[in-house]
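# An overview of the molecular structure
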Amino acid sequence: MSGSIIFSMSAFALAASISPGPVNLVCLSSGIRYGLATTLVFVTGATLGFVLLFVSLGLGLKSVFLQWGELESALRWGGILFLLYMSVQLLRASGDVQTQSQTQPPGFMTGALMQWLNPKAWLAGISGIAAYTAGGDMYQVLLFALLYLPICWLSLGVWAAAGAWLQQRCTAGQGLRWLNRILALLLLMSCVLLLI
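A quick note: this is a predicted structure, and the numbers were derived from the prediction, not measured. (Residues numbered from 1 in each chain as written. Predicted model: local features only at pLDDT ≥ 70, side-chain atom pairs only at ≥ 80, totals over all residues. Heavy atoms only, no water.)

### So, the overall build of the chain
Scanning the chain for helices and strands turns up eight helices and zero strands. In the chain, the order of α-helices and β-strands from amino to carboxyl end is α-α-α-α-α-α-α-α. Residues counted as buried form 43% of the 196 residues belonging to the chain. Entry remark: accessible area of the chain is about 9800 Å², with carbon and sulfur atoms responsible for 72%. (Helix = DSSP H or I, 4+ residues; strand = E, 2+ residues; numbered from the N terminus. Buried < 20%, exposed > 50% of the residue type's maximum accessible area, 1.4 Å probe, protein only. Areas by Shrake-Rupley, 256 points an atom, 1.4 Å probe, with all protein chains shown as cover.)

Given below as structure tokens:
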């Protein structure tokens, strides 16, 4: 495989991973509420969850969904419900950083599950595989997944670090409360877009 293809795969992975989406918003919010170190557990789960989804899609999972359309519909509705749940959690957040020990930060399994319920992840996986691999070629799919692994982790880590940076600058509860509300509205808007 040529260096230009590897560069193109890497550029695609970066664009898909760092662009705003539900998982990125949760990384930002968690970074604000719980700090960088705690949020990196979620980032790792989301990254490995996406890579597993990507490999599964590359090795034929999409054909299962083409045969059973109701399964894809159930996944879509599950994703919307999960995003609504995350939106409600953000809306309910007090904005007081000091009391965050009363709530659980999103963990490894939440990150992994969220990618499987994230329509952006499915779209990125399917379009990347269609554009850069030859119909289920295991070597190409695994190479692409290995490129995605550090790129996705670093991209989501940037969102988490941005949240931790904002935490240090927005120590007033009112400011964090409004930021949580804005993030919740962005997640709700992504749900609306999924319904259209």
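Next comes the rest of the description.
### Side note on empty space enclosed by the protein
Across all of its chains, the model carries one cavity of 30 Å³ or more by this definition. The computed volume of the largest cavity comes to approximately 130 Å³. In this structure, the largest cavity is lined by 13 residues; those nearest its centre are Ala 16, Ser 17, Phe 50, Gln 115 and Lys 120. Listing elements by their share of the lining of the largest cavity, those giving two or more residues are helix H1 (3-18), helix H2 (22-34), helix H6 (119-132) and helix H7 (138-169). Residue composition of the lining of the largest cavity, grouped by class: eight nonpolar, four polar and one charged. (1 Å grid on protein atoms, 1.4 Å probe; cavity = no way out; pocket = protein on both sides within 12 Å on 5 of 7 lines; lining within 4 Å. Points joined across faces, edges and corners; volume = space filled by probe spheres on them. Nonpolar A, V, L, I, M, F, W, Y, C, P; charged D, E, K, R; others polar.)

### Description of the nonpolar core
Among the nonpolar cores identified, the biggest contains 34 residues, and Val 23, Cys 27, Phe 42, Phe 54, Tyr 148 and Leu 156 are the most heavily contacted of them. When residues in this core are grouped by element, the largest group, 10 residues, is from H7. Excluding its chain neighbours within four sequence positions, the residues that come into contact with Phe 42 are Val 23, Val 26, Cys 27, Pro 106, Gly 107, Phe 108, Thr 110, Gly 111 and Met 114. (Core = buried A, V, L, I, M, F, W, Y, C linked by side-chain atoms within 4.5 Å. Contact = heavy atoms within 4.5 Å.)

### A closer look at a nonpolar patch on the surface
On the surface, Val 41, Leu 48, Phe 108, Met 109, Leu 146 and Leu 149 cluster together into a nonpolar patch covering about 560 Å² of accessible area. Residue assignment for the nonpolar patch shows that the elements contributing at least two residues are helix H3 (36-67), helix H5 (108-116) and H7. Along the chain, Leu 149 falls in helix H7. Taking relative accessible area as the criterion, Leu 149 reaches 31% and is therefore assigned partly exposed. (Patch = residues over 30% accessible without salt bridge, like charges linked within 9 Å, V, L, I, M, F, W, Y side chains within 5 Å. Salt bridge = Lys/Arg side-chain N within 4 Å of Asp/Glu carboxyl O.)

### Some points on the side chain of Asn 24
Within the secondary structure layout, Asn 24 lies in helix H2. A polar contact of 3.3 Å, which involves the side chain of Asn 24, links it to the side chain of Lys 120. (Polar contact = N/O pair within 3.5 Å; in protein donor to acceptor, adjacent residues only side chain to side chain.)

### Comments concerning H6
Compared with an ideal rise of 1.5 Å per residue, which puts 14 residues at 20 Å, H6 spans 20 Å between its outermost C-alpha atoms and is within 8% of the ideal. Those residues of H6 that sit buried are Ala 121, Trp 122, Ala 124, Gly 125, Gly 128 and Ile 129. All buried residues of H6 fall inside an arc of 165° around its axis, so they share one side. Away from the buried face of H6 by more than 90 degrees, exposed residues Leu 123, Ala 130 and Ala 131 are located. (Expected span 1.5 Å × (residues − 1). Arc of directions from axis to C-beta.)

### So, the packing of aromatic side chains
Under the defined criterion, the tally for this structure stands at nine aromatic pairs. A centroid spacing of 5.6 Å and a plane angle of 85° characterise the contact between Tyr 132 and Phe 144, whose relative ring orientation is edge-to-face. Of the two residues, Tyr 132 is situated in helix H6 and Phe 144 in helix H7; the sequence distance between them amounts to 12 residues. Members of the aromatic cluster, each reached through a chain of ring pairs, are Phe 12, Phe 50, Phe 54, Tyr 132, Phe 144 and Tyr 148. (Phe/Tyr/Trp six-rings, centres within 6.5 Å; stacked < 30°, edge-to-face > 60°.)

### Considering the packing of H1 against H7
The angle between the axes and the distance between the axes are what describe a pair of packed helices. Relative to each other, H1 and H7 sit at 40°, their axes nearing to 8 Å. Relative to H7, H1 is oriented oblique. Where H1 crosses over H7, the handedness of that crossing is right-handed. Judged by residue contacts, Ile 6, Met 9, Ser 10, Phe 12, Ala 13, Leu 14, Ala 16, Ser 17 and Ile 18 of H1 engage Gln 140, Leu 143, Phe 144, Leu 147, Tyr 148, Ile 151, Cys 152, Ser 155, Leu 156 and Trp 159 from H7. A breakdown of the residues in the contact of H1 with H7 according to their chemical character gives 15 nonpolar, four polar and no charged. (Axes fitted to C-alpha atoms, helices over the stretch in contact; angles between N-to-C directions. Parallel < 35°, antiparallel > 145°, perpendicular 65-115°, else oblique. Left-handed = near helix turned anticlockwise from the far one by under 90°.)

### Side note on the state of the cysteines
Using the criterion set out here, one finds zero disulfides in the structure. Left unpaired, Cys 27 is separated from the closest cysteine sulfur, that of Cys 152, by 8.5 Å. Judged by relative accessible area, which is 0%, Cys 27 ranks as buried. Overall, Cys 152 belongs to the buried group, its relative accessible area being 4%. (Disulfide = S-S within 2.5 Å.)

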